[in-house]
There are 2 protein chains.
Amino acid sequence: MHYYPRSIRNAIRSISRLPGIGEKTAERLAMHILRTPRDEAEQLARSILELKAKTLLCRRCFGLSDAPVCSICSNTGRDQRLLCVVEQPADMVSLEKSGAFNGLYFVLGGTLSPMDGIGPGDLRIRELATRIEEGKVREIILATSTTVEGESTAAYLSDTLKRYPLKLSRIASGVPIGGDLKYVDQVTLRRAMEGRRDITQRS
Amino acid sequence: MHYYPRSIRNAIRSISRLPGIGEKTAERLAMHILRTPRDEAEQLARSILELKAKTLLCRRCFGLSDAPVCSICSNTGRDQRLLCVVEQPADMVSLEKSGAFNGLYFVLGGTLSPMDGIGPGDLRIRELATRIEEGKVREIILATSTTVEGESTAAYLSDTLKRYPLKLSRIASGVPIGGDLKYVDQVTLRRAMEGRRDITQRS
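Residues numbered from 1 in each chain as written. Chains lettered and ligands numbered in written order. Predicted model: local features only at pLDDT ≥ 70, side-chain atom pairs only at ≥ 80, totals over all residues. Heavy atoms only, no water.

## A short note on the pairing of strand β5 (residues 139-142) of chain A
All names here are of chain A.
- On β5, burial covers both faces: E139 and I141 on one face and I140 and L142 on the other are all buried.
- Of the strand pairs in this sheet, strand β3 (residues 82-86) and β5 are connected by four bridges, and their pairing is parallel. Its bridge partner lying in β5, C84 is registered against I141.
- The pairing of β5 with strand β6 (residues 167-170) spans four bridges and is classified as parallel. Bridging across to β6, I140 finds its partner in L168.
- For the handedness criterion, the β-α-β arrangement of β5, helix α6 (residues 148-160) and β6 is classed as right-handed. (Buried < 20%, exposed > 50% of the residue type's maximum accessible area, 1.4 Å probe, protein only. Helix = DSSP H or I, 4+ residues; strand = E, 2+ residues; numbered from the N terminus. Pairing = 2+ DSSP bridges. Right-handed = clockwise from strand over helix to strand, strands pointing away.)

This is the structure in structure tokens:
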């Protein structure tokens, strides 16, 4: 590191703080930025600053947004009766990419995790109740992860939300598409078996 | 990409322009920066700007520096009689890391490459001559790469510089340390054979 002038050392140090980027890669990136036209480097720096400054949480779904209400929540073409509850904004992005859902979202902000001291009060459960009480939602889809924490959060929510006259559903779990049965873990296989669907041909 | 608000899209686009960073990684890095404390993100952005603004070329060796003369050129503890000619500032860093050299450097700024239209006038050959004419240098070590271009640049330089009363040397080429002979290419093996050194025990 001391082979470089201070300006380069500082850049290498900042860049190598990013996840998955070691000192070698940071060095390579810094050298690239040095060779790059000045306006491109400035654009990179500016986009990092704006990323922090301009990204908000949507006040309806608590997903990532650059306006008070995000483009999904303000899209009247989406099914306002379906509300999909996810853990994090990134999960919302994954579901959007899949194109499998045309309703609205609600970001819980995490999962229940007694080990880490995260209880119901730390998640947006009250906000979710308020949202339901607005009266437009007909079905809640619990799309938390299928981890221990995600499952127990879904169980907790289904218990808490049963006082509302709503359909409650949970995303299916089972063998992932492209999965080879002999490499799938036993818990997943048991789930896949329990959750088997009738495909009897009816004529 | 359109799943993200514009501020995040811009950051992903800028980050994914870096070499070896695809859109997936850029997405992951952008999400990390979003979660990171504000001052850390600002430090990253600032270090990128300073990298461009504060890094200069040393006016003695043309290596990277943040002062008019770099720390190597201004270090009187180094052997002022040895001048190692390299292609790029990065080569200088590699040699420094190896700890194998305690003299001074001179960065040529590339290699001769008629295919790309790079001739002697595009390299710092006149500057090198001026440096030699100062009279302190006793030995020039040609440490250009062992590529076709690097070799021909070294050949051109040895021809051009023979008018000076100097020792001229070329870094050794051969089998790299840790190299398994059966995987070493034939040109390297031929070089290693030609360049063999006498290790006869003398008593």
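## Considering the sheet that holds strand β4 (residues 104-107) of chain B
Residue and element names in this part refer to chain B.
- One open sheet accounts for four strands, arranged β4-β3-β5-β6; its pairing is parallel. The open sheet is flanked by β4 and β6 (167-170), the only strands paired with a single partner. Each strand of the sheet is rotated relative to its neighbour by a mean of 25°, with strand direction disregarded.
- Summarising the sheet, strand β3 (residues 82-86) and β4 pair through four bridges and their orientation is parallel. Directly across from V85, in β4, lies its bridge partner F106.
- Contacts from helix α4 (residues 89-98) reach β3 and β4, with the element oriented near 155° to β4. (Axes fitted to C-alpha atoms, helices over the stretch in contact; angles between N-to-C directions. Contact = heavy atoms within 4.5 Å.)

## Some points on the side chain of T144 of chain A
All names here are of chain A.
- Looking at where T144 falls in the secondary structure, it is placed in the loop between β5 and α6.
- Given the relative accessible area of 0%, T144 is considered buried.
- Side-chain polar atoms of T144 contact the backbone oxygen of G150, separated by 2.9 Å.
- Filtering out sequence-adjacent residues up to four positions away, T144 remains in contact with V85, E87, L108, G150, T153, A154, R170 and I171. (Polar contact = N/O pair within 3.5 Å; in protein donor to acceptor, adjacent residues only side chain to side chain.)

## Focus on the pattern of salt bridges
All names here are of chain A.
- Following the criterion strictly, the structure yields 22 salt bridges over all chains and no others.
- Residue R191 pairs with E151 through a salt bridge whose shortest N-O separation is 2.9 Å. You can see R191 sitting in helix α7 (residues 186-194) and its partner E151 sitting in helix α6, a full 40 residues away along the chain.
- The partly exposed category is assigned to R191, whose relative accessible area is 30%.
- Connected through shared salt-bridge partners, E151, R170 and R191 make up one network. (Salt bridge = Lys/Arg side-chain N within 4 Å of Asp/Glu carboxyl O.)

## Overview of the interface of chain A and chain B
- Listed by partner, the interface residues are 49 residues for chain A and 49 residues for chain B.
- Between chain A and chain B, the buried area comes to about 4,500 Å², and carbon and sulfur atoms account for 71% of it.
- Area buried by chain A at its contact with chain B is led by Y3, L51 and K52 of chain A, which between them contribute 16% of it.
- Summed over the shared surface of chain A and chain B, the number is two salt bridges.
- K97 of chain A is the partner of E27 of chain B in a salt bridge, and the nearest nitrogen-oxygen pair spans 2.7 Å.
- The interface formed by chain A and chain B contains 18 residue pairs in polar contact (both at pLDDT 80 or more).
- Those elements giving two or more residues to the side of chain A that touches chain B turn out to be α1 (6-15), α2 (23-35), α3 (38-54), β2 (64-65) and α4 (89-98) of chain A.
- With 15 residues, α3 of chain A is the largest single contributor of residues to the side of chain A that touches chain B.
- Across the side of chain A that touches chain B, the residue classes break down as 25 nonpolar, ten polar and 14 charged. (Buried area = accessible area lost by both parts, 1.4 Å probe. Nonpolar A, V, L, I, M, F, W, Y, C, P; charged D, E, K, R; others polar.)

## Notes on the domain arrangement of chain A
- By the assigned domains, chain A splits into domain 1 (6-54) and domain 2 (64-198).
- For domain 1 of chain A versus domain 2 of chain A, the distance between C-alpha centres works out to 36 Å. (Domains from an automatic or database assignment.)

## Details of unusual backbone geometry
- Phi at F62 of chain A is positive, roughly 65°, even though this residue is not glycine.
- Assignment of secondary structure puts F62 of chain A in the loop between β1 (56-57) and β2.

## Some points on the relation of the copies chain A and chain B
- Taken as rigid bodies, chain A and chain B are interconverted by a rotation of 180° and an axial shift of 0.1 Å, the fit giving an RMSD of 0.1 Å. Here the two chains are linked by the operation of a two-fold rotation axis. When C-alpha positions in chain A are compared against the rotation axis, the closest is assigned to A45 of chain A, at 2.2 Å.
- Looking at chain A, 100% of its interface residues are interface residues in chain B too, so the copies touch through the same face. (Least-squares fit on C-alpha atoms with pLDDT ≥ 70 in both.)

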